[in-house]
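Breakdown of the fold
Each chain is listed here by its residues.
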Amino acid sequence: MGLIGEGLIKAVEMLLSGDPELLAITWLTLRVSLTATLISVIVGLPLGVLLGLVRFPGRKLLVTVINLGMGLPPVVAGLWVTLLLWRSGPLGQYALLYTPTAIIMAQVLVSLPIIIGLTTSTFQNINPQLIMQIRSLGASRWQLFIVLIREARLAILAAIMAGLGRVLAEVGASMMVGGNIKGETRILTTAMVMEVSKGNFDVAIALSFILMGLAFLITFALTSMQQRKRSA
Amino acid sequence: MIIYELEDVRYDIESKKESRTILKVDHLSLQEGEIVGVIGPNGAGKSTLLKVMAFLLPPTTGKLTYRGQRINPGAVPMSVRHQLATVFQHSLLLDMDVFHNVALGLKFRKIDKVEQNRRVEQWLERFKVAHLARQHAHTLSGGEAQRVSLARALVVEPDILFLDEPFSALDFPTKVSLMEDLKQILKETKTTALFVSHDLMEVKYMTERLVVLIEGHKAQEGPTDAVIHQPNDQTAPFLNQWRQFIHSFSGRIGSPSLPY
């Protein structure tokens, strides 16, 4: 109890003091996680819709790979990105390793399969007659896509929350590809690992409260959107 | 004037297990302003025929001509799609209020907002559901939902309206009142319509010309009353069953004041 209590007090202190380092870490965490989620949504949503609605040879295998990817260990994702960005690797020339961009790449790798996989199963469940009905009213392909996304918005927002949750919670990949460099690639989760290893439990607890607070605020916003009173 | 013509249309389904012809119709046409019925037992290919004609399902082979223009079912021009509308057995309304459901087709056609509102209100009024405009579509009764679905199709003022068993899921009194309203509206607007049903009473009331489908092919075609009263060898088993049913039904309840 003592530790938790101290942690709480420390958290309040740190927040109230407006410590620039803490603010920078929090801001970077937000920026990196939201960017990764946004990229996953922009890429994953159309792919999930296609996989859910269109039948083609090899589809089953692809869906299996994506479902497998939903459980991809972040450390493995981190390893791949590291190999990709390593100085002698395919993208080595861009010197991206140990930058926020590298963290974003690793996080996209773990959240993209979640967005694609959950969107696929959502769209596979849409009544084919409903699609025919919408087309029969004169919808173009794009208009059909928009109407269906809107129709499936509850499930899609749930997929986005799942993807964002994974990204916010992830630490292994960010540690590996970001390196937890002070002022450059340190985010809340990697900072927590470091503080615990140094024995600074109060700081770690404070950081954990901030991380959970962030997660709560974002999820609350998304949930409010999802559960908004049904209207046009 | 013929505005729609279908020639030598076939629709096959091929799977690993079987290869089957669902539909094989040599010729069918729609005259401007007429209501043509398609009747047949379950599995006769009625719905398939409607979906092929509405360009919702490309046939395996066949020629489709709309207002003199040969249409490639794989690439139907948007300008042609915008001339048609379909209502299915289930109302398939979207997760939004009644007003916005009815406005969908107008939105797809990029009609301006003021005109959209005017037309939606007008058509909700015509189908006697104006009071439901702000209600969520998923809270409606079956009859209300189908009225909304019909308003949603007619609001775009289609050149041809396709009706795929629109009354099948409704209870009897609901069905009768909706049929009366729809028939009157189609007459007033002179809308060409293809009406698919398995119910002889419905087609007798709604249509002027009737096509009987049996096992995917056209077994008989002609003025609705003539077909019903003079079925041929192929259609007699199906149509006579219906006539006997109607007779015994009206015999049992006296002289019914049905609209058909």
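Notes on the structure in this doc start here. Note that this is a predicted model, so its numbers are computed, not measured. (Residues numbered from 1 in each chain as written. Chains lettered and ligands numbered in written order. Predicted model: local features only at pLDDT ≥ 70, side-chain atom pairs only at ≥ 80, totals over all residues. Heavy atoms only, no water.)

**Points about the interface of chain A and chain B**
Facing 19 residues of chain A, the contacting portion of chain B comprises 29 residues. For the pair chain A and chain B, the summed buried surface comes to about 2100 Å²; carbon and sulfur atoms form 59% of the total. Counting the surface chain A buries against chain B, the share from its top three residues, M132, Q133 and L137 of chain A, is 28%. Summed over the shared surface of chain A and chain B, the number is 1 salt bridge. In this structure, R153 of chain A and D95 of chain B form a salt bridge, with 3.6 Å as the shortest nitrogen-oxygen distance. A total of 7 residues in the side of chain A that touches chain B trace back to one element, the largest contributor, which is helix α6 (residues 128-136) of chain A. (Contact = heavy atoms within 4.5 Å. Buried area = accessible area lost by both parts, 1.4 Å probe. Salt bridge = Lys/Arg side-chain N within 4 Å of Asp/Glu carboxyl O. Helix = DSSP H or I, 4+ residues; strand = E, 2+ residues; numbered from the N terminus.)

**Some words on the side chain of Q116 of chain B**
Residue and element names in this part refer to chain B. Looking at where Q116 falls in the secondary structure, it is placed in helix α4 (residues 113-126). On the basis of relative accessibility, which here comes to 6%, the residue Q116 falls in the buried class. In this view, Q116 contacts A103, L106, K107 and I111; residues no more than four positions away in its chain are not counted. (Buried < 20%, exposed > 50% of the residue type's maximum accessible area, 1.4 Å probe, protein only.)

**What to know about the sheet that holds strand β6 (residues 84-87) of chain B**
Residue and element names in this part refer to chain B. Overall, mixed pairing links the 6 strands, which are arranged β6-β7-β8-β3-β9-β10 in an open sheet. Strands with a single pairing partner mark the edges of an open sheet, and in this sheet they are β6 and β10 (217-223). On average, each strand axis in the sheet is tilted by 15° relative to the strand beside it, whichever way the strands run. Across 4 bridges, β6 lies against strand β7 (residues 160-164) in parallel orientation. Each residue of the ladder has a partner; that of T86, found in β7, is F162. (Pairing = 2+ DSSP bridges. Axes fitted to C-alpha atoms, helices over the stretch in contact; angles between N-to-C directions.)

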